[in-house]
Amino acid sequence: SPQAIVVQDLRLRHVALTVQVARGSTNEPEDLPGIAHLAEHAFTRGSRDYPAEDELDAFVGRYGGEYNAQTDAEATTFFLRLPEKALNE
């Protein structure tokens, strides 16, 4: 079941987010090898608020933030860090 952990430190001047799905390459069906890695890439390729494929990349870059994702044997993880001024957009 989904879980959220929120840590607030008002001394920091940025926001960070990590999303981890407890499914990785060892959970893939035999007929769909690589599907976990595909899901990792799909996570950053458009959404309702940022529909263009490169829109998230442009938004993060405009504020000097960073994001990345990885798939390992047991999990797929996405990470995002932005300065607080990006939250107003």
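Our subject is the structure that appears above.
Going along each chain's sequence as written, the residues are numbered from 1 onward. Per-residue local features of the predicted model are confined to residues with pLDDT of at least 70, and side-chain atom pairs are confined, for both listing and counting, to 80 or more; whole-chain, interface and lining totals are unaffected and use all residues. Hydrogens and water molecules were not included; the side-chain quantities draw on all heavy atoms of the structure.

**Student:** Please provide a residue-by-residue account of the environment of serine 25, values included.
**Tutor:** In this structure, serine 25 sits in the loop between strand E1 (14–21) and helix H1 (35–42). Residue burial is assigned from relative accessible area. The probe radius is 1.4 Å, only protein chains are included, and a residue is buried under 20% of its type maximum, exposed over 50%, and partly exposed in between. Residue serine 25 is classed as partly exposed on the basis of its relative accessible area, which comes to 36%. In sequence terms serine 25 and threonine 76 are 51 residues apart; their C-alpha atoms lie 8.6 Å from each other. If near-sequence neighbours (up to four positions away) are discounted, serine 25 is found in contact with Ala36, Thr71, Asp72 and Ala73. Helix and strand labels come from DSSP, where a helix needs a run of H or I of at least four residues and a strand needs a run of E of at least two; each type is numbered from the N terminus. Residues are treated as being in contact if the distance between any of their heavy atoms lies within 4.5 Å.

**Student:** Which residues make up the sheet that holds strand E2 (residues 66–71), and what values do they have?
**Tutor:** With antiparallel pairing, the 3 strands of this open sheet are ordered in space as E1-E3-E2. One side of each edge strand has no neighbouring strand; the edge strands of this open sheet are E1 and E2. Neighbour-to-neighbour, the strand axes of this sheet turn through a mean angle of 10°, independent of strand direction. We call two strands paired when DSSP finds no fewer than two bridges between them. Of the pairings in the sheet, the one linking E2 to strand E3 (residues 76–83) comprises 6 bridges and is antiparallel in character. Counted as the bridge partner of glutamate 66 is arginine 81 from E3. Note on geometry: axes are lines fitted to C-alpha atoms, helical ones only across the stretch in contact, with angles between N-to-C directions running from 0 to 180 degrees. Taken strand by strand, H1 contacts E2 and E3, and its axis lies near 170° from that of E2.

**Student:** Give a detailed account of the nonpolar core, specifying residues and quantitative values.
**Tutor:** Core analysis: the largest hydrophobic core is formed by 9 residues, namely Leu56, Phe59, Val60, Tyr63, Ala69, Phe78, Leu80, Leu82 and Ala86. Going through the elements one at a time, helix H2 (55–62) and E3 are the ones with two or more residues in this core. For valine 60, the residues in contact, after removing those within four places along its chain, are Gly65, Glu66, Tyr67, Leu80 and Leu82. Take the buried Ala, Val, Leu, Ile, Met, Phe, Trp, Tyr and Cys residues and link them wherever side-chain atoms come within 4.5 Å; each set so joined is a nonpolar core.

**Student:** Tell me about H2, residues and numbers included.
**Tutor:** Inspection of H2 places Leu56, Phe59 and Val60 among the buried residues, and these make up the whole buried set. The buried residues of H2 occupy an angular sector of 95° when projected down its axis, which confines them to one face. Residues of H2 that are exposed and point more than 90 degrees away from the buried face comprise Gly61 and Arg62. Against the buried residues of H2 lie E2 and E3. One or two positions beyond H2, positive phi appears at glycine 64, with a value near 75°. The arc under discussion is defined with respect to the helix axis, by the directions toward the C-beta atoms.

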